[in-house]
Structure formats: C-alpha cells, structure tokens
Amino acid sequence: MGTHDHGTLASGIHRPTEVAPQPRLIHLTLEKGGRVLAVVPARGGSKGIPKKNTLLFQGRPLVAHALTHALTSRLITDVVLSTDSKDIARIAAEHDVAVVDRPLALAGDEVPMMPVVEHAVLKHEADAQAIVWIVVILQPTCPLREPADIDGAIQMLIDRGLDCVVSVAPSREHPVKAKRIVDGILKPYFEVEPSGGLRQSLPLSWRRNGAVYVLRRAKGFDSDPIRSSTVAPYIMPLDRSIDIDDPLDLEIAEWMASRVKAAVTSTPRDVDDSNA
C-alpha cells in the first residue's frame, strides 16, 4: 500500500509542460532500492479554519487532492499520509495510501513541519523496509498544484545535485513595502523603502507558495533544510500558488479552478472536414 512506480524520470524540466523521459536515472535509483517518498501532512485540527484539511474543494476534500497529486506524479514511488484524525485516515484508505498515525506530541498548533516529516519517513522506512532517497512534502492546502509541478521540482533536485528545492511564486507585495506600527507610527519592517517607491524599479521578489518541498533524505532532519541558505527555487505561476489559510483563500481557489474548467470546456473542437 502507498507504493507505486511510474518507470522513467523526466529530464530538464524547468516548466511543468516540458516533460521528457530519461530512463537511466530512475533505473539507477530503483536498482539500489532508493525510493521517492511523498509525505502528506494532514492533522485533524486547524487554527485558522476548523477541520481545514477536509474542506471540500471542487467537491472533494482538500487532502484528497493532495493524495491524487502524489499518486499521479510520475516520479514519486511511495506515498504516506501523516494524521491524528480517523476521518482523514479513512480518506487515505479510500485512495489506497498508507497512514502514519501521528502521536499527540506532533499534532499541536505549534509543532514545526520537520519533526512530523521525520516521524513519517522513519515509520515508512521501518514498515516498508524501504531506502528513501528523496522526500517530497505535499500540503493539502495547495489544491491548484499540478503533478507536473511535483515532478519538475524533483527533477531539478536530481539534475543539479541539490539538497532542497522549494516551490515559489512571485510576491504580490514587495517585502520592502512591509511596515510595522510602533507607538502609532509606521516603521520599516526590514529596510527603508526607496524614495519614489515605483514597483518597476524594485528587484523581483519571491515567496514560498507551500505547494512542493523536495528534500534529499541523506541530509537528515536535525536542521530545517527548507530555511537553509542553499535552497533552490522551483518557480510556479500565481494562478497555481494559492495556499488556503482562510475562507477567502478557498473562495479564490474555487474561482481559479472554475475559470480553468471554463477555458477547457470552451475550447473549440477540431472539425472533421471529411464529413463537411
């Protein structure tokens, strides 16, 4: 359960639409027993929205979308779901995905991501007698992510020999514009904003969009690789970068998904001239 095989890796993926086979890499990985493990972290509670991970998006729970993304990826070989919720565990069972029961000590609001991932990886390695080479973290709150985004980030890590790849999107607000309120007065949060403040004059800024995190297992979990100084970015567009944290985010994501569906259904069909 929770293991699948897609055969070949993709080569030179820089955009999700450019996927080309490269059998040598995946065969090398599988011959040595190495696995690419997706961990879907989905606890039952949530501080922002109650039971957020089971909210319906396009008629299905958010966590179901994350599981489908993992199972549809061409490069992920194993999938597990970490949860403390029986309801979420049932959703995983419906998708034939192995469940790692998360202990209470790892289920609180203040628990960082890495201890949760480490617990899931170690449990899977013990249960499946698997050698995990690459760990992929897929949060349920990013339902607009595509399987090709996952494969693109994995391929980037392999091709460039990286330790960590994180998906990012362009920042809608430049960080230099961030302010604090101190004694009723606005103060710069990071640095003084340049005079003039023209957006076009500022360097591009990026933000983690929460969709895909790819880690090399050999680096271990003692430090937080996601926030290290050697993380490479996998760039995603804004229209696939909604991270649902409140009801408005969910509404925006639904609107974005509906817009994509409308564009697909309105595409003219090819005309068969032979019947004209």
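Calculation rules
Residues numbered from 1 in each chain as written. Predicted model: local features only at pLDDT ≥ 70, side-chain atom pairs only at ≥ 80, totals over all residues. Heavy atoms only, no water. Helix = DSSP H or I, 4+ residues; strand = E, 2+ residues; numbered from the N terminus. Contact = heavy atoms within 4.5 Å. Areas by Shrake-Rupley, 256 points an atom, 1.4 Å probe, with all protein chains shown as cover. Expected span 1.5 Å × (residues − 1). Buried < 20%, exposed > 50% of the residue type's maximum accessible area, 1.4 Å probe, protein only. Core = buried A, V, L, I, M, F, W, Y, C linked by side-chain atoms within 4.5 Å. Axes fitted to C-alpha atoms, helices over the stretch in contact; angles between N-to-C directions. Left-handed = near helix turned anticlockwise from the far one by under 90°. Nonpolar A, V, L, I, M, F, W, Y, C, P; charged D, E, K, R; others polar. Pairing = 2+ DSSP bridges. Salt bridge = Lys/Arg side-chain N within 4 Å of Asp/Glu carboxyl O.

## Looking at the overall build of the protein
Helix and strand content of the protein: 6 helices and 13 strands. Once local pairs closer than 6 in sequence are excluded, the contacts in the protein between residues at least 24 apart make up 74%. Accessible surface computed for the protein: about 15200 Å², of which carbon and sulfur atoms make up 55%.

## Brief notes about helix H5 (residues 147–160)
Spanning 14 residues, H5 covers 20 Å between terminal C-alpha atoms, matching the ideal 20 Å at 1.5 Å per step. The buried count for H5 comes to 10 of 14 residues, which makes it a mostly enclosed element. Buried within H5 are the following residues: Ala 148, Asp 149, Ile 150, Asp 151, Gly 152, Ala 153, Ile 154, Gln 155, Met 156 and Leu 157. With its phi angle positive at about 65°, Gly 161 sits one or two positions after the end of H5.

## Points about the nonpolar core
Judged by nonpolar contacts, the single largest core of 34 residues is most densely connected at Ile 76, Leu 81, Val 136, Leu 138, Ile 154, Val 165 and Val 214. Elements supplying a minimum of two residues to this core: strand S3 (34–41), helix H2 (62–72), strand S6 (78–83), helix H3 (86–94), strand S8 (131–137), H5, strand S12 (206–216) and strand S13 (232–235). Those residues within four positions of Ile 154 in sequence are excluded, and the remaining contacts are Val 36, Leu 75, Ile 76, Ile 134, Val 136 and Val 214. In this structure, Ala 120, Val 135, Tyr 213 and Ile 226 belong to the second largest nonpolar core, which totals 17 residues.

## Focus: the environment of Val 214
By the element assignment, Val 214 lies in strand S12. Residue Val 214 is classed as buried on the basis of its relative accessible area, which comes to 0%. Between the alpha carbons of Val 214 and Ile 150 there is a distance of 8.5 Å; along the sequence they are 64 residues apart. In this structure, Val 214 is in contact with Ile 134, Val 135, Val 136, Ala 153, Ile 154, Leu 157, Asp 163, Cys 164 and Val 165, ignoring residues within four places of it in sequence.

## Here's the deal with the packing of H2 against H3
Two elements in contact, H2 and H3, have axes separated by 10 Å at closest approach and are oriented at 35°. The two elements H2 and H3 cross, and the hand of that crossing is right-handed. Listed contacts from H3 to Val 63, Ala 64 and Leu 67 of H2 are Ile 88, Ile 91 and Ala 92. In terms of residue class, the contact of H2 with H3 is made up of 6 nonpolar, no polar and no charged.

## Structural notes on the pairing of strand S10 (residues 179–182)
On a regular strand, one side chain projects to one face of the sheet and the next to the other, so that they alternate. Two strands pair when backbone bridges link them, and S10 and strand S11 (residues 185–188) are joined in this way by 4 bridges, in the antiparallel orientation. In the strand pairing of S11, Val 182 is matched with Ile 185. Between S10 and S11, which pair antiparallel in sequence order, lie 2 residues; one of them, Asp 183, sits at a positive phi of approximately 55°.

## Notes on the pattern of salt bridges
As a working rule, side chains carrying opposite charge can pair if their charged atoms are close by. Tallying each qualifying case throughout the model produces 8 salt bridges. A salt bridge links Arg 216 to Asp 163; its shortest N-O distance comes to 3.9 Å. Of the two residues, Arg 216 is situated in strand S12 and Asp 163 in the loop between H5 and strand S9 (164–170); the sequence distance between them amounts to 53 residues. Classification of Asp 163 by relative accessible area gives partly exposed; the value is 29%.

## Some details on the sheet that holds S8
An order of S7-S6-S3-S8-S12-S9-S13 is seen for the 7 strands of this open sheet, with the pairing classed as mixed. The outermost strands of the open sheet, each flanked by one partner alone, are strand S7 (98–101) and S13. Recorded for the sheet is a direction-independent mean angle of 30° between the axes of neighbouring strands. Note: S8 against S12, 4 bridges, orientation antiparallel. Following the sheet pairing, Ile 137 is matched in S12 by Tyr 213. Its contacts with the sheet place H2 against S3 and S6, and it is angled at close to 160° to S6. Helix-sheet contacts for H3 involve S6 and S7, and the interaxial angle to S6 is about 165°.

## Considering the side chain of Asn 53
In this structure, Asn 53 sits in the loop between S3 and strand S4 (56–57). Excluding anything up to four places from it in sequence, Asn 53 contacts Ala 42, Arg 43, Pro 61, Leu 62, Val 63, Ile 88, Pro 140 and Thr 141.

## Re the pairing of S12
Pairing of S9 with S12 involves 6 bridges; the strand directions are antiparallel. Bridging across to S12, Pro 170 finds its partner in Trp 206.

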